[in-house]
Amino acid sequence: MGRRGVNPPPLRPGDLRFRWATPSRWDDVARLFGERGACGGCWCMTWRLERAAFERGKQTGNRAALRKLVTDGRRPGVIAYHGKEPVAWCAVAPRREYSYLQRSRVLAPVDDEPVWSITCLFVARDWRRRGLSPLLLNATARMAVARGARVVEGYPQKPAMAKIPDAFVWTGLPSAFRRAGFKTAVRRSATRSIVRFVPPR
């Protein structure tokens, strides 16, 4: 359902603005994530922290960790705005910043390219199922390239069922990445692949 009880039209590129999460925009990140920190106190720290540290930090600790990344000027993600309203988030950073990726066999490096990784998408409830994710993924990849990324990776999850709760597809769906211009680089699992956005050189 849309914001007024009807299905709203799909979003177009011109409907949104995309901005890095900078110190002046921390309040927008906090507003978008809400009291639950996007999902169960995550605050987009799941793949950045070791599991025990992540669990200990749910809510206040993880929130403080993300806030420090933003206020230190690290730009850990991109915010999508509709007008002045923050409506979605996409986490992106050099691959080496994500401890989970250093431990994962399924998502082990494809090659020696210096990769940036997109690890999380969060779309506000009222803005879901409007085609926002591909627009955000494409904008985030291009913004990462503008900051020096040569390759931008994503790690979409193939749904195990026709209908799956939004919380379980936070790394993005294969179809959204395809529409955003990513191509499959390797698949080591039936449900998880590594996809890449490579700009012309």
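Anything mentioned here points back to the structure above.
Residues numbered from 1 in each chain as written. Predicted model: local features only at pLDDT ≥ 70, side-chain atom pairs only at ≥ 80, totals over all residues. Heavy atoms only, no water.

Enquirer: Where do I start with the sheet that holds strand β7 (residues 193–197) in this structure?
Expert: Sheet strands pair via backbone hydrogen bonds, and the direction of the pair is either parallel or antiparallel. Taken in spatial order, the 7 strands of this open sheet run β1-β2-β3-β4-β5-β7-β6, and their pairing is mixed. Single-partner strands in this sheet number two, and they are β1 (17–20) and β6 (183–187). Within this sheet the neighbouring strands show an average axis-to-axis angle of 30 degrees, counted without direction. Pairing of strand β2 (residues 77–82) with strand β3 (residues 85–94) involves 6 bridges; the strand directions are antiparallel. By the bridge assignment for β3, Ile79 is matched with Trp89. In the packing of helix α1 (residues 26–33) onto the sheet, the strands contacted are β2, β3 and β4 (115–123), and the crossing angle to β3 comes to about 105 degrees. (Pairing = 2+ DSSP bridges. Helix = DSSP H or I, 4+ residues; strand = E, 2+ residues; numbered from the N terminus. Axes fitted to C-alpha atoms, helices over the stretch in contact; angles between N-to-C directions. Contact = heavy atoms within 4.5 Å.)

Enquirer: Sorry, what's going on with the nonpolar core here?
Expert: Membership of the largest hydrophobic core comes to 59 residues, with the highest contact counts inside it found for Leu66, Trp89 and Phe182. Element by element, the count of residues in this core is highest for helix α5 (residues 132–146), at 8 residues. (Core = buried A, V, L, I, M, F, W, Y, C linked by side-chain atoms within 4.5 Å. Buried < 20%, exposed > 50% of the residue type's maximum accessible area, 1.4 Å probe, protein only.)

Enquirer: Help me understand the side chain of Thr171 in this model?
Expert: Secondary-structure assignment places Thr171 in the loop between β5 (151–154) and α6 (174–179). Side-chain polar atoms of Thr171 contact the side chain of Arg192, separated by 2.7 Å. (Polar contact = N/O pair within 3.5 Å; in protein donor to acceptor, adjacent residues only side chain to side chain.)

Enquirer: For this particular structure, what's the right way to read the pattern of salt bridges?
Expert: Any two side chains of opposite charge can pair, on the condition that their charged atoms come close. Enumeration according to the criterion identifies 11 salt bridges in this entry. Among the ionic pairs, Glu55 bridges to Arg51, the shortest N-O distance being 2.8 Å. Here Glu55 and its partner Arg51 are both found in helix α2 (residues 51–56), 4 residues apart, which amounts to about one turn of the helix. Glu55 gets classed as partly exposed once you look at its relative accessible area, which sits at 35%. Of the residues examined, Arg51 reaches a relative accessible area of 52% and is grouped as exposed. (Salt bridge = Lys/Arg side-chain N within 4 Å of Asp/Glu carboxyl O.)

Enquirer: Help me understand helix α3 (residues 60–71), please; the structure alone is not making it clear to me.
Expert: Counting along an α-helix, one turn takes 3.6 residues, and residues three or four places apart therefore face a common direction. Here α3 is 12 residues long and its end C-alpha atoms lie 16 Å apart, about the 16 Å a rise of 1.5 Å per residue gives. For α3, every residue scored as buried is listed here: Asn62, Leu66, Leu69 and Val70. Buried residues in α3, looked at end-on, bunch into an arc of 100 degrees, giving them a common side. Turned more than 90 degrees off the buried face of α3, the exposed positions are Thr60 and Lys68. Looking at the buried residues of α3, the elements they touch are α1, α2 and β3. (Expected span 1.5 Å × (residues − 1). Arc of directions from axis to C-beta.)

Enquirer: When you look at empty space enclosed by the protein in this model, what are you seeing that I'm missing?
Expert: Empty pockets left among the atoms are what a rolling probe the size of a water molecule brings to light. Applying the stated criterion to the full structure yields 1 cavity of 30 Å³ or more. Roughly 30 Å³ of volume is contained in the largest cavity. Lining of the largest cavity is provided by Cys44, Arg48, Leu66, Pro76, Trp89, Ala91 and Tyr98. In terms of residue class, the lining of the largest cavity is made up of 6 nonpolar, no polar and 1 charged. (1 Å grid on protein atoms, 1.4 Å probe; cavity = no way out; pocket = protein on both sides within 12 Å on 5 of 7 lines; lining within 4 Å. Points joined across faces, edges and corners; volume = space filled by probe spheres on them. Nonpolar A, V, L, I, M, F, W, Y, C, P; charged D, E, K, R; others polar.)

Enquirer: What exactly am I supposed to notice about the packing of α1 against α3 here?
Expert: For any two helices packed against each other, one specifies the crossing angle of their axes together with the interaxial distance. Running from N to C, α1 and α3 cross one another at 150 degrees; their axes reach a closest spacing of 10 Å. By the angle class used here, α1 and α3 are roughly antiparallel. Handedness of the crossing formed by α1 with α3: right-handed. Only Arg63, Leu66, Arg67 and Val70 of α3 make contact with α1, whose side of the interface consists of Trp26, Val29, Ala30 and Phe33. Looking at side-chain class alone, the contact of α1 with α3 contains 6 nonpolar, no polar and 2 charged residues. (Parallel < 35°, antiparallel > 145°, perpendicular 65-115°, else oblique. Left-handed = near helix turned anticlockwise from the far one by under 90°.)

Enquirer: So what exactly am I meant to see when it comes to the state of the cysteines here?
Expert: Two cysteines whose sulfur atoms are joined by a covalent bond form what is called a disulfide. For the structure on display, the rule yields 0 disulfides. Not part of a disulfide, Cys42 finds its nearest cysteine sulfur in Cys44, a span of 5.8 Å. The buried category is assigned to Cys42, whose relative accessible area is 13%. (Disulfide = S-S within 2.5 Å.)

Enquirer: I tried to follow the environment of Pro10 on my own but got confused; where do I start?
Expert: Looking at where Pro10 falls in the secondary structure, it is placed in the segment before β1. Since its relative accessible area comes to 62%, Pro10 is described here as exposed. If sequence neighbours within four positions are ignored, Pro10 has contacts with Asp15 and Arg130.

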